[in-house]
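Fold and contact review
Read off the chains here:
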Amino acid sequence: MIEITRKKIDTAGLLERVHSSQSGAVVLFLGNTREFTGEKQTTWLSYECYESMAISKLNELRDHAVSNWNLLEVAIVHRIGRVDLGEASVAIAVASEHRAAAFDAGRWLIDTLKEQVPIWKKEVWSDGSTEWVHPDPT
Amino acid sequence: MKVLLFAGLKDSMERESIDVDVLNQSVGQIKQFLIEQYPSSTGLIERSHVAVDQNYVGNDFRFEMEPKEIAIILPVSGG
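Residues numbered from 1 in each chain as written. Chains lettered and ligands numbered in written order. Predicted model: local features only at pLDDT ≥ 70, side-chain atom pairs only at ≥ 80, totals over all residues. Heavy atoms only, no water.

1. Remarks on the packing of aromatic side chains
- All told, the structure shown has four aromatic pairs over all chains when counted by the stated rule.
- Consider the rings of A:Trp120 and B:Phe6, whose centres lie 5.2 Å apart with planes at 15°: the pair is stacked. Placement of A:Trp120 in strand β8 (residues 119–125) and of B:Phe6 in the loop between β1 (2–4) and α1 (7–13) is noted, with the two residues assigned to different chains. The residues A:Trp120 and B:Phe6 share a single accessibility class, namely buried.
- Put simply, the rings of A:Tyr50, A:Trp120 and B:Phe6 pair up and form one aromatic cluster.
- Sitting over the ring of A:Trp125, A:Lys40 keeps its end group 4.3 Å from the ring centre. (Phe/Tyr/Trp six-rings, centres within 6.5 Å; stacked < 30°, edge-to-face > 60°. Helix = DSSP H or I, 4+ residues; strand = E, 2+ residues; numbered from the N terminus. Buried < 20%, exposed > 50% of the residue type's maximum accessible area, 1.4 Å probe, protein only. Lys NZ or Arg CZ within 6 Å of the ring centre and 35° of its normal.)

2. Some remarks on the pattern of salt bridges
- Counted according to the given criterion, the structure contains nine salt bridges over all chains.
- Notably, a salt bridge pairs A:Glu48 with B:Lys10, separated by 3.0 Å at the nearest N-O pair. Placement of A:Glu48 in strand β4 (residues 40–49) and of B:Lys10 in helix α1 is noted, with the two residues assigned to different chains.
- Connected via shared salt-bridge partners are A:Lys8, A:Arg79 and A:Glu87. (Salt bridge = Lys/Arg side-chain N within 4 Å of Asp/Glu carboxyl O.)

See the structure below:
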């Protein structure tokens, strides 16, 4: 299941979706809005995406992870619009027979999402200024 | 055809898309054209990738036919 949504992510529902009697391991990753980046204070984040490509890239990542780690289920949900402090902007749930595959695939999925999927965040700082985040390649 | 813009580039160029004649042009030439039209966005355009029909392509990619979608993709920051 791949989804871009403006609503709060239902993490319990996501776990329910990937879980089955086969899955000995389920890993859930949540990326949350953090209040402080060094000295700077975030009020909220605003996300924008190129939706058709974001969906197609997320499907590609899901398919690659399922075949590479022999996963049972993967669900990825990303929020767009305003995401308040402490709320999740992204949730990735991975189910596999054993834990190593679920941890490794979950890590790869979030790392690759952050490199490739056309979604952007805008910081809304506590002084009212805003700033798009366009990281330099590392 | 319409080239889609997002995030920092959409704000910097103050528009969501721009019409560009792409036939027989390379991605590098299209970026150069955008830089000439919007010199204040030069840094952002230089750092961007280009996606053609939802796949990333390099600066050497040449348009022999019109695709369905072209987008300028600044470094992404989802998650």
